[in-house]
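Remarks on the overall topology
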Amino acid sequence: MSKRALKTYISKLPKKALEEQIVELYEKFPAVKTYYDFAFNPKEDKLVQDAKAKISNEYFPLKRRRPKARRSVAQKFLKHFIKLGVDPHLVADVMCYNLEIAQAFSMEKNVADSFYRSMLNSFNEVIQYTTVQGIFPEFRERILKIYTETQNQKWLLEDEFSKALDIID
């Protein structure tokens, strides 16, 4: 069904039938429930704190012995936040937090080369996201601090991290 056909269908429905359909969608589909829960009660700060706790747990687990250190956990949260329409400042904060916690992890543990490639992708994403959203100046200092730490820890792909910053100059 096209968007146009959907609009036509909705416009012809009586208000009561439309209300019933929306309630049915809310009950049947978790994505619709999540959207409406967020739309009517946007506890963005709580969502961000939960995300940060889970990201931290990836690198410094509380219940298990070995860290999993998966970038995908943070990526799922970020994708979800963007889809919900969470404030770009909060999304960028989580992006930076992911890199900062990964840097703390890499100071303590030996990590595979794929870890650095993954963090480079995250670094590029935070630069691109903050630039597109027009909030880079507010995150500039934090991003530069992340970059400096990659240099201090002598991360692989140092040149690529440097090139990522060249884009904004």
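What counts as what
- Residues numbered from 1 in each chain as written.
- Predicted model: local features only at pLDDT ≥ 70, side-chain atom pairs only at ≥ 80, totals over all residues.
- Heavy atoms only, no water.
- Phe/Tyr/Trp six-rings, centres within 6.5 Å; stacked < 30°, edge-to-face > 60°.
- Helix = DSSP H or I, 4+ residues; strand = E, 2+ residues; numbered from the N terminus.
- Buried < 20%, exposed > 50% of the residue type's maximum accessible area, 1.4 Å probe, protein only.

With that settled, consider the packing of aromatic side chains. Counting across every chain of the model gives eleven aromatic pairs. Note on Tyr 116 and Trp 155: the rings are 5.4 Å apart at their centroids and 65° apart in plane angle, and the pair reads as edge-to-face. One end of the pair, Tyr 116, is in helix 7 (residues 113-133); the other, Trp 155, is in the loop between helix 8 (136-152) and helix 9 (158-166), with 39 residues separating them in the sequence. Assessed through its relative accessible area of 1%, Trp 155 is described here as buried. Each ring, one from Trp 155 and one from Phe 161, has its centre 5.7 Å from the other, and the planes form 65°; the classification is edge-to-face. This pair shows no difference in class: Trp 155 is buried, exactly as Phe 161 is. Taken together, the ring pairs in this structure connect Tyr 59, Phe 60, Phe 105, Phe 115, Tyr 116, Phe 123, Trp 155 and Phe 161 into an aromatic cluster.

This is a description of form; function is not addressed.
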